[in-house]
Amino acid sequence: MTKKTGPELRMPAALAASLTCPVCALPLDQGLTCARGHSFDVAREGYASLLTGATPPGSGDTREMVAARQRFQERGHYDPLARALAEELAGRRVIVDVGGGTGHYLTRILDELPDAVGLTTDVSKFAARRAARAHPRGGAVTADSWRRLPLADHTADAVTNVFAPRNAAEFRRILRPGGVLLVVTPAPDHLTEPRAALGLLDVDPRKDERLAQSLEGHFTPVATRELRFTMDLEHEDVRTVVGMGPSARHVTPEELAGRVAELPEPFATTASVRLGTYLRSP
């Protein structure tokens, strides 16, 4: 009688061997079971389902949100940012993108770094489904960035964090000595045109200060790179990019759609971000 097998974990072997139990932090075997008997599932799409406990409502992107974001990213609007990330990571071999969504940025990085492997973590199973299949040298897990990441100490050469939650202590723990952290945050004039036209929130003026405070004691700043470019957005893209930020929580989808419909199309929009490079503290 042939034994029935479950889904196969789609992940580079080095990263699969670094997975740890999100309950007790012991190593996980190939079946995603630890020595204490905690067991987890491999999803049909090939990602490791490693979320535990209750996840706060609204903290994970829905199926519709993930699909919209992937459409936006695949149209190349943020390609200058993806190229900049790859340039900063030249020579790095193991990369973890925390809060990396569909794996878009990690895929672009791996395309440019043929010797590298990578892992995307995200709280959304809908994002992880896409990230697991995004690149042959990549993999994905569902994990909460505010809890212990399900990875062994000193797993990664680099951690990337693009418009995502930051857990500095965990980033430092999973990085090897000499490892780097890349953090992307919006500059004050990021999306300034749709924010002004649609009456949305401004970028927090204390964002840089709060970033520095969150990393203090764990990372040393090395360099900051300013990226500024223009995107020509269709109405659908405007709705998506607004929905990717905090302003989406302050206007209903119906209100947003009505305001966007009054904009010219395409709508010239400024992308302005800061790419910070940080070295892991000893």
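Given the structure is predicted, the values throughout are model-derived calculations rather than measurements.

Trainee: For this particular structure, what's the right way to read the pairing of strand 4 (residues 117-122)?
Mentor: Remember that side chains alternate between the two faces of the sheet whenever the strand is regular. Counting buried residues along strand 4, 6 of its 6 residues qualify, which places the element largely inside the surrounding structure. Along strand 4, one buried face is formed by Val117, Leu119 and Thr121 and the opposite face, lined by Gly118, Thr120 and Asp122, is buried too. Sheet analysis places strand 3 (residues 94-98) next to strand 4, joined by 5 bridges and oriented parallel. Its bridge partner lying in strand 4, Ile95 is registered against Gly118. You can see the chain leave strand 3, run along helix 4 (residues 104-112) and come back into strand 4, and the turn it takes is right-handed. As paired strands, strand 4 and strand 5 (residues 138-142) are joined by 5 bridges and run parallel to one another.

Trainee: How should the side chain of Asp122 be read in this particular structure?
Mentor: Here Asp122 is to be found in strand 4. There is no salt bridge for the buried Asp122, and the closest opposite charge comes from Arg69, which lies 7.2 Å off by N-O distance. A polar contact of 2.9 Å, which involves the side chain of Asp122, links it to the backbone nitrogen of Ser124. With residues up to four places along the chain from it excluded, the contact list for Asp122 reads Gly99, Gly100, Gly101, Ala127, Val141, Thr142 and Ala143.

Trainee: Before we go on, may I ask you to explain the environment of Ala128 in this structure?
Mentor: With respect to the secondary-structure elements, Ala128 resides in helix 5 (residues 125-131). Between the C-alpha atom of Ala128 and that of Ala140, which follows or precedes it by 12 residues, the distance is 5.8 Å. Apart from the residues lying within four places of it in its own chain, the contact partners of Ala128 are Tyr47, Gly101, Ala140 and Thr142.

Trainee: Honestly, the sheet that holds strand 4 in this entry has me stumped. Any pointers?
Mentor: In a beta sheet, neighbouring strands are held together by backbone hydrogen bonds and run either parallel or antiparallel to one another. Here we have 9 strands laid out as an open sheet, ordered 1-2-5-4-3-6-7-9-8, and mixed in their pairing. What marks the edges here is a single partner per strand, and that holds for strand 1 (41-42) and strand 8 (219-233). Those strands touched by helix 8 (residues 207-215) are strand 7 (175-186), strand 8 and strand 9 (267-280), and its axis lies near 165° from that of strand 7.

Trainee: What is the right way to look at the packing of aromatic side chains in this model?
Mentor: The description of an aromatic ring pair rests on the distance of the ring centres and on the angle between the ring planes. Enumeration according to the criterion identifies 2 aromatic pairs in this entry. Pairing Phe72 with Tyr78 gives two aromatic rings, centres 5.4 Å apart and planes at 75°, and the pair type is edge-to-face. When the ring of Tyr78 is compared with that of Phe163, the centres are 6.1 Å apart and the planes differ by 50°; the resulting orientation is tilted. With Tyr78 in the loop between helix 2 (63-74) and helix 3 (79-88) and Phe163 in the loop between strand 6 (156-162) and helix 6 (168-174), this residue pair connects regions lying 85 residues apart in the sequence. We classify Tyr78 as buried; its relative accessible area is 3%. According to the relative accessible area criterion, Phe163 is partly exposed, its value standing at 35%.

Trainee: Can you help me understand the packing of helix 2 against helix 9 (residues 235-243) in this one?
Mentor: How two helices sit against one another is set out by the angle between their axes and by the gap between those axes. Running from N to C, helix 2 and helix 9 point in directions that differ by 115°, and their axes come no closer than 9 Å. Between helix 2 and helix 9 the crossing geometry is left-handed. In this structure, helix 2 uses Ala68, Arg69, Arg71 and Phe72 to contact helix 9, whose residues at the interface are Glu236, Asp237, Thr240, Val241 and Gly243. Here the residues of the contact of helix 2 with helix 9 sort into 3 nonpolar, 2 polar and 4 charged.

Trainee: Help me out: how do you make sense of the pairing of strand 5 in this one?
Mentor: With 5 of 5 residues buried, strand 5 lies mostly within the body of the structure. Across 2 bridges, strand 2 (residues 48-49) lies against strand 5 in parallel orientation. Paired with Ser49 across the strands is Thr142, a residue of strand 5. Where the polypeptide runs from strand 4 across helix 5 and back to strand 5, its parallel neighbour, the crossover connection is right-handed.

Trainee: Help me understand empty space enclosed by the protein, please; the structure alone is not making it clear to me.
Mentor: Any space left empty among the atoms is revealed by the rolling of a water-sized probe across them. Within the structure shown, the criterion is met by 1 cavity of 30 Å³ or more. Considered as a void within the structure, the largest cavity measures approximately 30 Å³ in volume. Those elements giving two or more residues to the lining of the largest cavity turn out to be helix 4 and strand 5. Looking at side-chain class alone, the lining of the largest cavity contains 3 nonpolar, 6 polar and no charged residues.

Trainee: Is there a simple way to think about the packing of helix 9 against helix 10 (residues 253-261) in this case?
Mentor: It is at 10 Å that the axes of helix 9 and helix 10 come closest, and there the two elements cross at 140°. Between helix 9 and helix 10, the interaxial angle falls into the category oblique. Crossing hand, helix 9 versus helix 10: right-handed. Two secondary-structure elements touch here, helix 9 through His235, Val238, Arg239 and Val242 and helix 10 through Leu256, Ala257, Val260 and Ala261. Here the contact of helix 9 with helix 10 is composed, by residue class, of 6 nonpolar, 1 polar and 1 charged.

Cut-offs and rules
- Along each chain, residue indices are assigned from 1 in the same order as the chain's sequence is written.
- Totals for whole chains, interfaces and linings use all residues, but because this is a predicted model, local features are given only for residues with pLDDT of at least 70 and pairs of side-chain atoms are given and counted only at 80 or more.
- Neither water nor hydrogens contribute to the side-chain values; these are computed over all heavy atoms in the structure.
- Only protein chains enter the accessibility calculation, which uses a 1.4 Å probe; a residue whose area is less than 20% of its type maximum is buried, one above 50% is exposed, and one in between is partly exposed.
- Helix and strand definitions follow DSSP, with helices as H or I runs of at least four residues and strands as E runs of at least two, each counted in order from the N terminus.
- At least two bridges found by DSSP between two strands is the condition for calling them paired.
- Convention used here: a crossover is right-handed provided that the path from the first strand, over the helix, to the second strand proceeds clockwise when the strands point away from the viewer.
- The sign given to each residue is positive for Lys and Arg and negative for Asp and Glu; His and the chain ends receive no count.
- When a carboxyl oxygen of Asp or Glu is within 4 Å of a side-chain nitrogen of Lys or Arg, the pair counts as a salt bridge.
- Any pair of N or O atoms that falls within 3.5 Å is considered a polar contact. Within protein, one atom must be able to donate a hydrogen and the other to accept it, and sequence-neighbouring residues count only if both atoms are side-chain atoms.
- Any pair of residues with heavy atoms lying within 4.5 Å of one another is described as a contacting pair.
- Fitted lines through C-alpha atoms serve as axes, helices being fitted only where they are in contact, and the angles separating the N-to-C directions of these axes extend from 0 to 180 degrees.
- To pair, rings of Phe, Tyr and Trp, with the six-membered ring standing in for Trp, must have centres within 6.5 Å; the planes then decide the type, stacked if under 30 degrees apart, edge-to-face if over 60, and tilted in the middle.
- A clockwise turn of the near helix away from the far one marks a right-handed crossing, whereas an anticlockwise turn of less than a right angle marks a left-handed crossing.
- Residues are grouped as follows: Ala, Val, Leu, Ile, Met, Phe, Trp, Tyr, Cys and Pro are nonpolar; Asp, Glu, Lys and Arg are charged; every other residue, Gly included, is polar.
- Here a cavity denotes grid points, spaced 1 Å and computed from the protein atoms alone, that fit a 1.4 Å probe unable to get out, and a pocket denotes an open set having protein on both sides within 12 Å along at least 5 of 7 lines; residues with an atom within 4 Å of a point are the lining.
- Grid points are joined across faces, edges and corners, and a volume is the space filled by probe spheres set on the points.
- Comment on the angle field: the value is read as roughly parallel under 35 degrees, roughly antiparallel over 145, roughly perpendicular from 65 to 115, and oblique elsewhere.

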